[in-house]
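# Secondary and tertiary structure notes
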Protein chains: 2
Amino acid sequence: MPHRPYHHGDLRAALLAGAEDALKEKGAAALSLREITRGIGVSHTASGRHFKDKQALLDALATSGYERLTRALGDADDTGLPFPQRITVLNRAYLRFATENIELLELMFSRKHTPDADEGLTAAVERSMAFMRSVITEAQQRGEVIEGDPDQVTLLPAVALHGLAAFVANGTLTPQGALDQLDQLVHNLLYGLTPR
Amino acid sequence: MPHRPYHHGDLRAALLAGAEDALKEKGAAALSLREITRGIGVSHTASGRHFKDKQALLDALATSGYERLTRALGDADDTGLPFPQRITVLNRAYLRFATENIELLELMFSRKHTPDADEGLTAAVERSMAFMRSVITEAQQRGEVIEGDPDQVTLLPAVALHGLAAFVANGTLTPQGALDQLDQLVHNLLYGLTPR
DNA sequence: ACCTGAACACCGTTCAAGT
DNA sequence: ACCTGAACACCGTTCAAGT
């Protein structure tokens, strides 16, 4: 709210916001540090104080993406729902996030979680996974989902969810097309491809 | 085999090979046209004759990736196998391709199939999908897979396969970890997450 | 046809310097 | 602490020119 240049004390947030705008407009590949700083009205080297290099900014953006995704899932979640409805709701929330943040999702997916990757990013990814796992574990305790190592059981819904969002992100499916097929997809996930 | 400079008449192939080498070493983001042409021993503008710009080269690379993936799946495929074994074999072939071509796969996944995307690329993607669909259709005819619109039934195995490969590509799973969990994953795909 | 070389308008990063 | 400005070593693309 002060009238002095708003990047005093808040340049980090301004850089992240500018980067996300640029991401939405032009994609991660065309994102330019100089252009972002120009938009903020600061010299092109000012970002160095807050992000050691361009990759550090992209990592921070991906981290914030995972945090927001996890929060979106948590907000949409209803622990009281039977598993089939619960997982449908979560899938829908994920798809909405994917639809509204296609470029961000692509950035999140493309970042490697190699040993030397950003710590905050790795932790944020792990928190997303832990959420999925907890949903499965609870459903197992209620006898709604097959028994077995939670990590193993979680893998199929996790890759299915991830793959579906990726199909939306890369244009193989439209957001609406994915939503239209979601109920059938979840049904097949629950009951399998083999005739009963 | 001739003794004259080998880029006569074969510069296009040399550019693609150089680009793929650079991709494997440094990733798509760090791929530089000037560096590639330098490696081939040709001026940095020579590529313009064969690829209108950098994106066109990347599109061609992604297209060749989809073609090789489809061929790898076709080579591994055994139409005589019962569906469970058949889909396991295909998953394994996909995982091997993903393991051996991580950077290429990332490039393939990140390219948008927007209306104005490269024609050859869109066609190559469609051929990969058609292959999956034909496997499902055949299994349906034998009564090994539930009935229904082949496109809808194919979606779950397709997103699961895609998601699993993406987990390998981005480091969430190691190649070995993915292989170790594959049998259980396919089992859950066939019989569902709900207790029978 | 196929390739070159110079020119143009950009990049990210480093570093001494300012306040 | 936080930011600037110049310098450096790169980019991709365009275009007239060579062979």
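Okay, so let's go over this structure.

So, how was this worked out
- Residues numbered from 1 in each chain as written.
- Chains lettered and ligands numbered in written order.
- Predicted model: local features only at pLDDT ≥ 70, side-chain atom pairs only at ≥ 80, totals over all residues.
- Heavy atoms only, no water.
- Near = heavy atom within 4 Å.
- Polar contact = N/O pair within 3.5 Å; in protein donor to acceptor, adjacent residues only side chain to side chain.
- Helix = DSSP H or I, 4+ residues; strand = E, 2+ residues; numbered from the N terminus.
- Nonpolar A, V, L, I, M, F, W, Y, C, P; charged D, E, K, R; others polar.
- Salt bridge = Lys/Arg side-chain N within 4 Å of Asp/Glu carboxyl O.
- Buried < 20%, exposed > 50% of the residue type's maximum accessible area, 1.4 Å probe, protein only.
- Contact = heavy atoms within 4.5 Å.
- Least-squares fit on C-alpha atoms with pLDDT ≥ 70 in both.
- Buried area = accessible area lost by both parts, 1.4 Å probe.
- Expected span 1.5 Å × (residues − 1).
- Bend = angle between axes of the 7 residues up to and from the residue.
- Core = buried A, V, L, I, M, F, W, Y, C linked by side-chain atoms within 4.5 Å.
- Axes fitted to C-alpha atoms, helices over the stretch in contact; angles between N-to-C directions.
- Parallel < 35°, antiparallel > 145°, perpendicular 65-115°, else oblique.

### Concerning the protein's contact with DNA strand D
Taken together, 18 residues form the shell around DNA strand D, and within it S43 and R49 of chain A together with L33, R34 and R38 of chain B come nearest. Between DNA strand D and S32 of chain B there is a distance of 3.3 Å, counted from a sugar or linking oxygen to a side-chain nitrogen or oxygen. The leading source of residues in the surface near DNA strand D is helix α2 (residues 33-40) of chain B, at three residues. Residue classes in the surface near DNA strand D are distributed as five nonpolar, eight polar and five charged.

### Here we look at the pattern of salt bridges
One pass over the structure, following the stated rule, counts 18 salt bridges over all chains. Notably, a salt bridge pairs R133 of chain A with D151 of chain A, separated by 3.0 Å at the nearest N-O pair. Highlighted residues: R133 of chain A in helix α6 (residues 119-141) and D151 of chain A in helix α7 (residues 150-169), separated in sequence by 18 residues. The shortest N-O distance in the salt bridge between R142 of chain B and E144 of chain B comes to 3.9 Å. The exposure class of R142 of chain B is partly exposed, given its relative accessible area of 42%. The exposure class assigned to E144 of chain B is partly exposed, which follows from its relative accessible area of 23%. Through salt bridges with shared partners, one network takes in D77, R86 and E138 of chain A.

### Brief notes about the side chain of S128 of chain B
All names here are of chain B. Positionally, S128 belongs in helix α6 (residues 119-141). One polar contact links S128 to T70, side chain to side chain, over a distance of 2.9 Å. Look past the residues within four positions of S128 in its chain and what remains in contact with it is Y66 and T70.

### Points about the relation of the copies chain B and chain A
With an RMSD of 0.0 Å, chain B superimposes on chain A once it is rotated by 180° and translated 0.0 Å along the axis. Given the turn and translation reported, the copies of this chain are related as if by a two-fold rotation axis. Most of the interface of chain B is mirrored in chain A: 100% of its interface residues are interface residues there too.

### Remarks on the protein's contact with DNA strand C
Around DNA strand C sit 18 residues, and of these L33, R34 and T45 of chain A together with S43 and R49 of chain B come closest. Of everything in DNA strand C that lies within 4 Å of the protein, sugar and phosphate atoms constitute 44%. Here a phosphate oxygen of DNA strand C and a backbone polar atom of L33 of chain A are 2.8 Å apart. Within the side chain of R34 of chain A, a nitrogen or oxygen atom sits 2.5 Å from a base nitrogen of DNA strand C. Broken down by element, the surface near DNA strand C gets its largest block of residues, three residues, from helix α2 (residues 33-40) of chain A.

### Focus on the interface of chain B and chain A
Contacts between chain B and chain A engage 44 residues on the former and 44 residues on the latter. Summing both sides of the interface, chain B and chain A together bury roughly 4100 Å²; the carbon and sulfur share of this comes to 64%. When residues of the side of chain B that touches chain A are assigned to their parent elements, the largest contribution, 15 residues, is made by helix α7 (residues 150-169) of chain B. A class-by-class count of the residues in the side of chain B that touches chain A yields 23 nonpolar, 14 polar and seven charged.

### Details of α7 of chain A
Residues and elements named next belong to chain A. Taking 1.5 Å per residue as the helical rise, α7 with its 20 residues ought to reach 28 Å, and the 28 Å between its terminal C-alpha atoms agrees with that figure. The largest bend in α7 is about 25°, located at L156, with the proline P157 one to four residues further on. Among the 20 residues in α7, 17 count as buried, and that is most of the element. Capping the start of α7, D149 holds a side-chain oxygen 3.0 Å from the backbone nitrogen of D151, two or three residues further along. Among the residues trailing α7, G171 stands out with phi positive, at a value near 90°.

### Digging into the nonpolar core
With 129 residues, the main nonpolar core has F83, M108 and L164 of chain A together with F83, M108 and L164 of chain B as its most contacted residues. The contact partners of M108 of chain A, leaving out residues within four places of it in the chain, are A62, G65, Y66, L69 and F97 of chain A.

### Concerning the environment of A29 of chain B
All names here are of chain B. Residue position: A29 is located in the loop between α1 (11-26) and α2. Residue class for A29 comes out exposed when judged on its relative accessible area of 82%. Considered as a pair, A29 and T88 are 59 residues apart in the sequence and their alpha carbons are 33 Å apart.

### Points about the packing of α7 of chain A against α7 of chain B
Running from N to C, α7 of chain A and α7 of chain B cross one another at 95°; their axes reach a closest spacing of 7 Å. Taken together, α7 of chain A and α7 of chain B sit at an angle that is classed as roughly perpendicular. Packed against α7 of chain A, whose contacting residues are L155, L156, A158, V159, A160, H162, G163, L164, A166 and F167 of chain A, the element α7 of chain B presents L155, L156, A158, V159, A160, H162, G163, L164, A166 and F167 of chain B at the interface. For the contact of α7 of chain A with α7 of chain B, the per-class residue count stands at 16 nonpolar, four polar and no charged.

### Some details on the environment of T154 of chain B
Residue and element names in this part refer to chain B. If you trace the backbone, T154 turns up in helix α7. Take T154: its relative accessible area is 7%, and that puts it in the buried class. Each C-alpha atom, one on T154 and one on S134, is 9.1 Å from the other, the two residues being 20 residues apart in sequence. Once residues within four sequence positions are removed from consideration, T154 is found in contact with M132, R133 and I136.

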